[in-house]
Amino acid sequence: MITSFQMRAARALLGIDQRTLAELAGVSVPTIQRMEASVGNVRGIVDSLTRVVEALNRAGVELIGEHGRSDDGGRGVRLKQPGPPPPVGS
């Protein structure tokens, strides 16, 4: 799963706001706001959460899960190799 901290960090790395993430994921802005207000793991409808994670992945962010391989361990986000900017509104 993804934490609210990871979600906000991923948006920051991409330089996008909540509205843009909502458009990329095909969910509403209030859905993004509720997800980011969660404590710990993001809570929400599984389909909406999956859409957000997939949108972040397409935009170039790799989410690192608990025990995921990283130099320092723990959770985090990592930018993937640069690619074309994600299409907005598709």
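Residues numbered from 1 in each chain as written. Predicted model: local features only at pLDDT ≥ 70, side-chain atom pairs only at ≥ 80, totals over all residues. Heavy atoms only, no water.

It is worth spelling out the environment of Val 27 at this point. Among the structural elements, Val 27 can be located in the loop between helix H2 (18–25) and helix H3 (29–36). Given the relative accessible area of 15%, Val 27 is considered buried. Taking the C-alpha atoms as reference points, Val 27 and Leu 49, separated by 22 residues in sequence, lie 9.2 Å from one another. Apart from the residues lying within four places of it in its own chain, the contact partners of Val 27 are Ala 22, Ile 32, Ser 48, Arg 51 and Val 52. (Helix = DSSP H or I, 4+ residues; strand = E, 2+ residues; numbered from the N terminus. Buried < 20%, exposed > 50% of the residue type's maximum accessible area, 1.4 Å probe, protein only. Contact = heavy atoms within 4.5 Å.)

The next thing to look at is the environment of Ala 25. Tracing the chain through its elements places Ala 25 in helix H2. Each C-alpha atom of the pair Ala 25 and Leu 56 lies 8.1 Å from the other, and the pair is 31 residues apart in sequence. Excluding anything up to four places from it in sequence, Ala 25 contacts Arg 51, Val 52 and Ala 55.

Next up on the list: the packing of H2 against helix H4 (residues 46–59). Where H2 meets H4, the axes come as close as 8 Å, and the angle between the chain directions of the two elements is 100 degrees. Overall, the two elements H2 and H4 adopt an arrangement that is roughly perpendicular. Residue-level contacts link Leu 21, Leu 24 and Ala 25 of H2 to Arg 51, Val 52, Ala 55, Leu 56 and Arg 58 of H4. Here the residues of the contact of H2 with H4 sort into six nonpolar, no polar and two charged. (Axes fitted to C-alpha atoms, helices over the stretch in contact; angles between N-to-C directions. Parallel < 35°, antiparallel > 145°, perpendicular 65-115°, else oblique. Nonpolar A, V, L, I, M, F, W, Y, C, P; charged D, E, K, R; others polar.)

Once that is clear, we can look at the nonpolar core. Ranked by size, the top nonpolar core spans 17 residues in total, and within it Met 7, Leu 21, Ile 32, Val 52 and Leu 56 carry the most contacts. Elements supplying a minimum of two residues to this core: helix H1 (4–14), H2, H3 and H4. With sequence-adjacent residues up to four places away left out, Leu 21 is seen in contact with Met 7, Arg 11, Ile 16, Ile 32, Val 52, Ala 55 and Leu 56. (Core = buried A, V, L, I, M, F, W, Y, C linked by side-chain atoms within 4.5 Å.)

The sites that carry the UniProt feature "domain: HTH cro/C1-type" (unreviewed entry) are, in the present numbering, residues 7–36. Secondary structure content for residues 7–36 is 80% helix and 0% strand, and the end C-alpha separation is 7 Å. (UniProt positions renumbered as here; feature names shortened; annotations may be inferred.)

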